[in-house]
Amino acid sequence: KYPAQFAAHYGKIADYSDNGVVAYNTMFAQDGFVVYVPKNVTVEKPLQLINILRGKVDLNVNRRNLVIAEENAHVKLLVCDHAVDDVHFVVTQVTEVVAGASSQVDVYELEENSVKVTRLNNLFSEQKERSTVIATGITLHNGFTRNNYRFRLLGKYADVHAGGLAICDKEQHIDNFAFLDHSVPECTSNELFKTVLQDESTGVFCGKILVEKDAQKTLAYQTNRNLVTTDRARMFSKPQLEIYADDVKCGHGATVGRIDDEQLFYLRSRGIDSQAAKQMIINAFAAELTESITIDGLKQAVMESIHQRLAEV
C-alpha cells in the first residue's frame, strides 16, 4: 500500500556486509511484517505479532520486519515466538526500526520456543533528533538463541533503552550482543540485561558503547547482571566502552553471582520452603526489568509467565 516508504527504508539499515546471517536473511526472507506510522500519528493500542513455528519436518524459517515511525509518531509492538511441533527449526529474523524526529517506538520480543529451536535474531535501529526507542527481548523457553542489537543515534537528544531478560535451564543457550553508536552530541542510552541460568545452561553477554569524537555530553550506561544457580551453569560477560569524546558521562558494569544465602535463610526462617524461596528471589531479580515494560497488561502477563516458568524447573 505504501511502496515509496517501504522502498526508502527496507534493507537500508540492516548492514549485511559483515554479518552472514543478515545477508542470508536478506536473500531468503520468506515473509515479513511492516508497520508504517505516518507523521503525527499515535497508535493508541499496542500491536501484537505472533509467530508460530509448525512443521512435520525440520525447517528453516526466515522472517523480516520493518517499523517506520515518521516525525512525532508513536507505536508499541509486541513480537511473540512460539514453537508448536516437535521438530528442529532454524529461524533467522531481521527487524529494522526507523525512528523519525520526536517519535517513539517500543519493541518487545517474547520468546517461548522449544529446545529444538535455533533462533538468530537481529534488530537494527536508527534514530533522529528527540526520538526514543525501547527494545527489550524476553526469553523464557528456547534452545539456542542469539540476539544481535545495533542502535545508531543520529540526532541530538535521541534516547535509547535496550534490555533483555532470559531464564534458561537444561542445556539451553542465550547470547545477547548490543552495540550502541553515539554519533552526535547530547544523546542518552541505557542498557540492562539480566540472565538466570540453571542446570547446564549457558549465557553470553557482549555489550559495546561507542562514543564518537563529536558526541559530546553523551550519557550512556550499561549494566549486565546474572544469576547462576548451579555449579554446572556458565555465564560469559564482556561489557565495553569505546570513548573518543572528553565531555561525557558513561559507565558499565557486570555481575555474576549465586543466590544469596542470607536472603534464602531469611525466607526459610519465615516458614517458606527452599524451592519457593528460590523462586521468590529470582522473581525479585527479574522485577527490575519487568517493571520497566511500557505496555499495559504485558507487564503482569510476563511476571505470571516467569512465575510459571520457574515452577517448571
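Residues numbered from 1 in each chain as written. Predicted model: local features only at pLDDT ≥ 70, side-chain atom pairs only at ≥ 80, totals over all residues. Heavy atoms only, no water.

Draft legend 1. A look at the overall build of the chain. The number of helices and strands found in the chain is five helices and 16 strands. By the compact-globule yardstick of 20 Å for 313 residues, the chain fits well, its C-alpha radius of gyration being 20 Å. In terms of principal-axis extent, the alpha carbons of the chain reach across some 60 × 55 × 40 Å. Counting all 313 residues of the chain, 48% fall into the buried class. If you take every contact in the chain between residues at least 6 apart in sequence, the share linking residues at least 24 apart comes to 86%. Only carbon and sulfur atoms are counted for the fraction: they give 51% of the accessible area of the chain, which is about 14,600 Å². (Helix = DSSP H or I, 4+ residues; strand = E, 2+ residues; numbered from the N terminus. Rg over C-alpha atoms; globule rule 2.2 N^0.38 Å. Buried < 20%, exposed > 50% of the residue type's maximum accessible area, 1.4 Å probe, protein only. Contact = heavy atoms within 4.5 Å. Areas by Shrake-Rupley, 256 points an atom, 1.4 Å probe, with all protein chains shown as cover.)

Draft legend 2. Summary view of the packing of aromatic side chains. All told, the structure shown has six aromatic pairs when counted by the stated rule. With 4.8 Å between their ring centres and 20° between their planes, Phe6 and Tyr10 make a pair best called stacked. The exposure class assigned to Phe6 is partly exposed, which follows from its relative accessible area of 34%. Given a relative accessible area of 27%, Tyr10 falls into the partly exposed group. With a centroid separation of 6.0 Å and 45° between ring planes, the pair formed by Tyr149 and Phe193 is classed as tilted. Placement of Tyr149 in strand S9 (residues 144–153) and of Phe193 in strand S12 (residues 188–197) is noted, with a sequence separation of 44 residues between them. With a relative accessible area of 1%, Tyr149 lands in the buried category. A network of ring pairs unites the aromatic residues Tyr149, Phe151, Phe193 and Phe205 as a single cluster. The cationic tip of Lys194 hangs over the ring face of Phe285; the distance from NZ or CZ to the ring centre is 4.4 Å. (Phe/Tyr/Trp six-rings, centres within 6.5 Å; stacked < 30°, edge-to-face > 60°. Lys NZ or Arg CZ within 6 Å of the ring centre and 35° of its normal.)

Draft legend 3. Representation of the sheet that holds strand S2 (residues 47–53). Pairing is parallel in the open sheet, where eight strands are placed in the order S2-S4-S6-S8-S10-S12-S14-S16. Each edge of the sheet is formed by a strand with only one pairing partner; in this case those strands are S2 and strand S16 (249–257). The mean angle between the axes of side-by-side strands here comes to 5°, regardless of whether they run parallel or antiparallel. Direction of pairing for S12 relative to strand S14 (residues 219–228): parallel, over a ladder of ten bridges. Across the sheet, residue Leu197 finds its bridge partner in S14, namely Val228. In the packing of helix H4 (residues 274–290) onto the sheet, contacts are made with strand S8 (132–141), strand S10 (159–168), S12 and S14, and the angle to S12 comes to roughly 155°. Across the sheet, helix H5 (residues 298–312) lies against strand S4 (74–83), strand S6 (104–112), S8 and S10, angled at about 25° from S8, the strand it touches most. (Pairing = 2+ DSSP bridges. Axes fitted to C-alpha atoms, helices over the stretch in contact; angles between N-to-C directions.)

Draft legend 4. Summary view of H5. Helix length check: H5 (15 residues) gives 21 Å between terminal C-alpha atoms against 21 Å at 1.5 Å per residue, within 8%. For H5, the complete set of buried residues consists of Leu298, Val302, Ile306, Arg309 and Leu310. Looking straight down H5, one finds that the buried residues subtend no more than 105° of arc, so they occupy a single side. Across H5 from its buried face, at more than 90 degrees, point the exposed residues Gln308 and Ala311. Check the buried side of H5 and you find it contacts S4, S6, S8, S10 and H4. (Expected span 1.5 Å × (residues − 1). Arc of directions from axis to C-beta.)

Draft legend 5. Quick peek at the pairing of S6. The buried fraction of S6 is high, at seven of nine residues. Bridge count between S4 and S6: nine bridges; the pairing is parallel. Within the sheet, the bridge partner assigned to Val79 lies in S6 and is Glu109. Two strands pair when backbone bridges link them, and S6 and S8 are joined in this way by nine bridges, in the parallel orientation. When the bridges of S8 are listed, Glu109 appears paired with Gly137.

Draft legend 6. Quick look at the pattern of salt bridges. Applying the stated criterion across every chain yields a total of 20 salt bridges. Arg119 is paired through a salt bridge with Asp81; the nearest N and O atoms lie 2.9 Å apart. Here Arg119 is found in strand S7 (residues 117–127), whereas its partner Asp81 is found in strand S4, with 38 residues between them in sequence. Residues Arg119 and Asp81 agree in their burial class; the two are buried. One network of salt bridges, in which partners are shared, links Arg63, Asp81, Glu111 and Arg119. (Salt bridge = Lys/Arg side-chain N within 4 Å of Asp/Glu carboxyl O.)

Draft legend 7. View of the environment of Val35. Mapped onto the fold, Val35 is located in strand S1 (residues 31–37). Remark: the alpha-carbon pair of Val35 and Pro3, spanning 32 residues in sequence, is separated by 13 Å. In contact with Val35, other than residues within four places in its own chain, are Leu47, Leu66, Val67, Ile68 and Val75.

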